[in-house]
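As a plain string of letters, each chain reads:
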Amino acid sequence: EAGVAQSPRYKIIEKRQSVAFWCNPISGHATLYWYQQILGQGPKLLIQFQNNGVVDDSQLPKDRFSAERLKGVDSTLKIQPAKLEDSAVYLCASRRLAGGPKQFFGPGTRLTVL
Amino acid sequence: GENVEQHPSTLSVQEGDSAVIKCTYSDSASNYFPWYKQELGKGPQLIIDIRSNVGEKKDQRIAVTLNKTAKHFSLHITETQPEDSAVYFCAAPKKTSYDKVIFGPGTSLSVIP
């Protein structure tokens, strides 16, 4: 079974620029999560999708962050405009709807904002 | 909401020794407690989890214990090996549903050969 795929793996941008991250979950996994992991901290949930609907986006800074999962499969997370404090690893995870609580994480995208 | 604390933040052990990491949570209704291992440059990977209806669960060299009264749970790794070196995160559910969890701040474990 292929794992969660994310791209790019690394991205360096200037502050105020925009950036987008892509995630392809494990086939058949209806639930998809985006996390932000700042260096030295645990992952923090930004948004949760179930199929193409948003379940929880209470921690997403909606003035600059947006995410979509239009066809209920892969997902894109965007930041516009980026701030220095957005420097972090952005992790995507997925879970089968009736498969228990285990989340499968991708390798993450490391974002550096200069 | 749920708050998860984790100690210690760093831990160094000699190969073959045991390692223990402890987490505390705030919501007494929490019912699911996973542990994730994150190696450098990789995403977290679930290594063991426990539901609130059991007090201990073991899987080879790793075990998790749960004390619901004290609201804490611990990860025990015995006979540590260099490949156990990683950052370990505990987590607890956000509200009573396990489909969203709050992660602790992590423990960086170094196993010295």
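Please refer to the structure placed before this passage.
What you are looking at is a predicted structure, and each value in this text was computed from that prediction instead of being measured.

> When you look at the overall build of chain B in this model, what are you seeing that I'm missing?
Across its full length, chain B carries zero helices and 11 strands. Overall, chain B shows an N-to-C arrangement of helices and strands of β-β-β-β-β-β-β-β-β-β-β. Principal axes of the C-alpha set define a box for chain B whose edges measure 40 × 30 × 20 Å. Out of the 113 residues in chain B, the part that is buried amounts to 45%. Long-range contacts, defined as pairs at least 24 residues apart, comprise 54% of the intrachain contacts of chain B with a sequence gap of at least 6. For chain B, the exposed area adds up to about 5500 Å²; of that, 48% sits on carbon and sulfur atoms.

> Mind showing me how you'd approach the pairing of strand β9 (residues 86-93) of chain B here?
Residues in a regular strand point their side chains to alternate faces of the sheet. All names here are of chain B. Of all eight residues in β9, seven are buried; the element is thus mostly enclosed. Across four bridges, strand β4 (residues 32-38) lies against β9 in antiparallel orientation. Considered in β9, the bridge of Y36 is made with F89. Pairing of β9 with strand β11 (residues 107-112) involves three bridges; the strand directions are antiparallel. For V87, the partnering residue across the bridge sits in β11 and is S108. In the sheet, β9 pairs with strand β10 (residues 101-103) via three bridges, with the strands oriented antiparallel. From the neighbouring strand, A92 faces β10, where its bridge partner is I102.

Analysis parameters
By convention here, each chain's residues receive numbers from 1 onward along its written sequence. Here every chain gets a letter starting at A, and every ligand a number starting at 1, in the order they are written. The predicted origin of the model limits local features to residues at a pLDDT of at least 70 and limits the giving and counting of side-chain atom pairs to 80 or more, whereas totals for whole chains, interfaces and linings rest on all residues. Excluding hydrogens and water, the side-chain figures rest on all heavy atoms present in the structure. Runs of E in the DSSP output that reach at least two residues are strands. Runs of H or I that reach at least four are helices, and both are numbered from the N terminus. Burial status follows relative accessibility: with a 1.4 Å probe on protein chains alone, a residue under 20% of its type maximum counts as buried, one over 50% as exposed, and anything between as partly exposed. The contact criterion used throughout is that any non-hydrogen atoms of two residues lie within 4.5 Å. Note that accessible areas follow from Shrake-Rupley with a 1.4 Å probe, and for residues the cover is restricted to the protein chains shown. At least two bridges found by DSSP between two strands is the condition for calling them paired.

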